[in-house]
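Per-entry structural report
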Amino acid sequence: MSKGSKLYSIIFKKCPVCHEGDLFTSKAYDLKNFSDMHENCTHCGQKYQIEPSFFEGAMYVSYGMQVALLLTVFVGSKILFDHVNPIYTMAVVIGLALLLLPITFRYSRSIWINFFMSYDKKIADCKTEK
Ligand SMILES: [Zn+2]
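Now for a quick tour of the structure.

Cut-off values and rules
- Residues numbered from 1 in each chain as written.
- Predicted model: local features only at pLDDT ≥ 70, side-chain atom pairs only at ≥ 80, totals over all residues.
- Heavy atoms only, no water.
- Core = buried A, V, L, I, M, F, W, Y, C linked by side-chain atoms within 4.5 Å.
- Buried < 20%, exposed > 50% of the residue type's maximum accessible area, 1.4 Å probe, protein only.
- Helix = DSSP H or I, 4+ residues; strand = E, 2+ residues; numbered from the N terminus.
- Contact = heavy atoms within 4.5 Å.
- Expected span 1.5 Å × (residues − 1).

A closer look at the nonpolar core
- Counting residues in hydrophobic clusters, the biggest one holds 17 residues, and the most contacted among them are Cys 15, Tyr 48, Phe 55 and Ile 113.
- The set of elements that each furnish at least two residues to this core consists of helix 2 (58–80) and helix 4 (101–116).

Structure below.
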């Protein structure tokens, strides 16, 4: 996977414009700070929150990811363990959703910002040469 694709920016949670600067200030499981983002890219200076409440739209992405997780676990448990009580399945789904919250939160923001910004090779190269 190379720089220049949206997938690179999403997976590595990098600036969608230059693919160099990090979106977040800390590691995912630093639970006090897992949601803290840089205001601007540390490499190219791109402002991440391009309008007030910009990242509220990421909740739709997060919702989709949570539903996909729920369906995968539910269908998987039905196929693999046919006689499992649905209450246990829901407990596993809720536990997984809570456990994966920092990861889904970050990926939803990374996906959301990549809807609105694109890689610009000129900006990435220009800043790298300095
Ligand atoms: Zn950048």
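Points about the side chain of Thr 89
- With respect to the element layout, Thr 89 can be found in helix 3 (residues 86–99).
- Classification of Thr 89 as buried rests on a relative accessible area of 6%.
- For Thr 89, the contacting residues outside a window of four places in its chain are Val 73, Phe 74, Ser 77 and Val 84.

A word on the environment of Thr 42
- Within the element layout of this structure, Thr 42 appears in the loop between helix 1 (6–12) and helix 2.
- The spatial distance from the C-alpha of Thr 42 to the C-alpha of Ile 111 is 19 Å, given a sequence separation of 69 residues.
- With sequence-adjacent residues up to four places away left out, Thr 42 is seen in contact with Gly 21 and Asp 22.

Overview of helix 4
- A rise of 1.5 Å per residue sets the reference length of helix 4, with its 16 residues, at 22 Å; its end C-alpha atoms lie 23 Å apart and thus fit the reference within 8%.
- Listed as buried for helix 4 are Pro 102, Thr 104, Arg 106, Ser 108, Arg 109, Ser 110, Trp 112, Ile 113 and Asn 114.

So, unusual backbone geometry
- The backbone of Lys 13 shows a phi angle near 50°, a positive value even though the residue is not glycine.
- Positive phi outside glycine occurs at His 19, with the angle close to 60°.
- Within the fold, His 19 resides in the loop between helix 1 and helix 2.
- Judged by its relative accessible area of 2%, His 19 falls in the buried class.

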